[in-house]
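# Breakdown of the fold
These are the residues of each chain, in order.
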Amino acid sequence: MTTLTQPASNTLSSLNYILRPRSNRVAPNRVTVKCVYAFEPSSLGIGSNRTDWQSSCAILSSKVVSEEKSSSSSSSAADNIAAVNGHKTAVTDLDLVPVNGSADSAKPLPPKPLTISDLSPAPMHGSQLRVAYQGVPGAYSEAAAGKAYPNCEAIPCDQFEVAFQAVELWIADRAVLPVENSLGGSIHRNYDLLLRHRLHIVGEVQLPVHHCLLALPGVRKEYLNRVISHPQALAQCEHTLTKLGLNVAREAVDDTAGAAEFVAVNCLRDTAAIASARAAELYGLQVLADGIQDDPSNVTRFVMLAREPIIPRTDRPFKTSIVFAHDKGTSVLFKVLSAFAFRNISLTKIESRPHRNRPIRLVDDANVGTAKHFEYLFYVDFEASMAEVRAQNALAEVQEFTSFLRVLGSYPMDMTPWTPSSRGN
């Protein structure tokens, strides 16, 4: 039996493995393991020649493997294999410690700081998105949210501003809110809120409106004394209600689905509601008349709002929404419109709203006295993407004429086919 003699010098005082990248280029996801040693007097009894050194490394590696065999079985050795002195050994099976320390003295890593993604993970492609809408379940806004983001988690809000705040406070990821109706016109409240809040328009969806006359089961139209619904729904069904012979009172409530819920909860047998067919299913009401809107071309346009804008593209039709104002009143409007007409950019909407910070502008004239002019903000939608040069040049020219200009969003247009709602009784 050969005895290993203790050399006076050039022996291994320690064998520490460190895990660090080489200075040269290494392939991605490749780990380099280096063996660091120092020749100092020691009592390990290990020879100083290369053969004894390789044997000692193999013995130490085998010892570590045998001691931690139970813990290594739970790890994936296929992803952590490295060659040490010609032997394939799992990196996770070695006690890797810093060169100037030990496993006991190694300090734990500090906790990872929280990020925005930790507070609210970003879902993919509308799956499990939290979408805020105004109203109660069964509202047309809920249907618009489902059309914009299928399989989303719809969050009802009692007011439009609450839906804005839900997105700003990370309670919801998106908000779907109406901005205009083909018969009732613009929803001015939401235009004002678009300017007050810092959310971005990231899309639009157009929803055909199909009104139904709902009542409790067993109730006949002759028993009705009152019809309740949203003011626009009542106006959109005025002539049809008259044709049905309903000489009843009309009362306005906050939303259509809320009217159906009110009738069901309070068991009102003399009251009907104008709402959607889904509201009838949710609240256990019967449909007395289907498709009672006066005009079948009844469509509501909704916008989708998010905390961050999307990247505009040119591979599909885009729409851009802006708002602007000028210190000298409405005289600049013609110049702004000319910037779009000169570049063959079509406008799809123009809306004026009072300038709340300065609603009236006074002009003093010594000859005729003081004139009072109303100040307005102008909302404009045009068919072009902000990725197009013509749109960028148009806004650069508009900015020269205005004192305030803000891009509310550049987003894909809703190009889904549409057919008018059918009318039935």
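Everything that follows concerns the structure shown earlier in this document.
Residues numbered from 1 in each chain as written. Predicted model: local features only at pLDDT ≥ 70, side-chain atom pairs only at ≥ 80, totals over all residues. Heavy atoms only, no water.

### Quick notes on the overall build of the chain
If you tally the helices and strands in the chain, you get 12 helices and 21 strands. For the chain, the residues scored as buried account for 40% of the 425 residues in total. In the chain, the share of contacts with a sequence separation of at least 24, taken over all contacts with a separation of at least 6, comes to 75%. Roughly 24,300 Å² of accessible area belongs to the chain as shown, and the carbon and sulfur atoms make up 53% of that amount. (Helix = DSSP H or I, 4+ residues; strand = E, 2+ residues; numbered from the N terminus. Buried < 20%, exposed > 50% of the residue type's maximum accessible area, 1.4 Å probe, protein only. Contact = heavy atoms within 4.5 Å. Areas by Shrake-Rupley, 256 points an atom, 1.4 Å probe, with all protein chains shown as cover.)

### Observations regarding the environment of Thr240
Looking at the element boundaries, Thr240 is found in helix α8 (residues 238–243). Accessibility expressed as a relative area gives 8% for Thr240, which makes it buried. Sequence separation between Thr240 and Asp295 is 55 residues, and the spatial gap between their C-alpha atoms is 9.6 Å. Aside from chain neighbours lying at most four places away, what touches Thr240 is Ile292, Gln293 and Asp294.

### Regarding the pattern of salt bridges
Overall, the coordinates contain 18 salt bridges when judged by the stated rule. For Arg390, the salt bridge goes to Glu388, with nearest N and O atoms at 2.8 Å. Accessibility expressed as a relative area gives 29% for Arg390, which makes it partly exposed. Glu388 gets classed as partly exposed once you look at its relative accessible area, which sits at 23%. Within this structure, Glu180, Glu204, Arg301, Lys319, Lys349, Glu351 and Asp381 form a network of salt bridges that share partners. (Salt bridge = Lys/Arg side-chain N within 4 Å of Asp/Glu carboxyl O.)

### A closer look at unusual backbone geometry
Located in the positive-phi region is Asn151, a residue other than glycine, with phi close to 65 degrees. For Asn151, the position within the fold is in the loop between α4 (140–148) and β6 (153–157). A positive phi angle, near 60 degrees, is found at Asn344, a position not held by glycine. Its location among the elements puts Asn344 in the loop between α11 (333–341) and β17 (347–354).

### Looking at the sheet that holds strand β21 (residues 404–412)
Strands in a sheet are paired, the pairing made by backbone hydrogen bonds, and the direction either parallel or antiparallel. Across the sheet, 4 strands lie side by side as β17-β20-β16-β21; this open sheet has antiparallel pairing. The open sheet has two edge strands, β17 and β21, and neither has a second partner. On average, adjacent strands in this sheet sit at an angle of 15 degrees to one another, irrespective of strand direction. Inspection of the sheet shows strand β16 (residues 318–325) paired to strand β20 (residues 376–382) by 5 bridges, in the antiparallel sense. (Pairing = 2+ DSSP bridges. Axes fitted to C-alpha atoms, helices over the stretch in contact; angles between N-to-C directions.)

### Notes on the environment of Gln128
In this fold, Gln128 is placed in the loop between α3 (116–119) and β5 (130–134). In this structure, the C-alpha to C-alpha distance between Gln128 and Glu153, residues 25 residues apart in sequence, is 5.7 Å.

### Notes on the nonpolar core
Residues Leu213, Leu214, Ala260, Ile274 and Leu285 are the most contacted members of the largest nonpolar core, which totals 35 residues. Elements represented by at least two residues in this core include exactly β10 (212–215), β11 (226–229), α7 (231–236), α9 (256–265), β13 (271–275), α10 (277–283) and β14 (286–290). No other element matches α9, which puts 5 residues into this core. Sequence-distant contacts of Leu214, defined by excluding residues within four places in its chain, comprise Ala260, Ala272, Ala273, Ala275, Ser276, Ala279, Ala280, Leu285, Gln286 and Val287. (Core = buried A, V, L, I, M, F, W, Y, C linked by side-chain atoms within 4.5 Å.)

### Side note on the packing of aromatic side chains
Evaluation of the coordinates by the stated rule reveals 3 aromatic pairs. Consider the rings of Tyr191 and Tyr379, whose centres lie 5.1 Å apart with planes at 70 degrees: the pair is edge-to-face. Of this pair, Tyr191 sits in helix α6 (residues 188–196) while Tyr379 sits in strand β20, and the two are 188 residues apart along the sequence. As far as the burial class goes, Tyr191 and Tyr379 line up, both buried. Ring geometry for Phe324 versus Phe378: centroids 5.6 Å apart, planes at 25 degrees, classification stacked. Remark: Phe378 occurs in strand β20 and Phe324 occurs in strand β16; sequence separation between them is 54 residues. The same class applies to Phe324 and to Phe378, which are both buried. Note that Arg307 overlies the ring of Trp170, its terminal NZ or CZ placed 3.6 Å from the centroid. (Phe/Tyr/Trp six-rings, centres within 6.5 Å; stacked < 30°, edge-to-face > 60°. Lys NZ or Arg CZ within 6 Å of the ring centre and 35° of its normal.)

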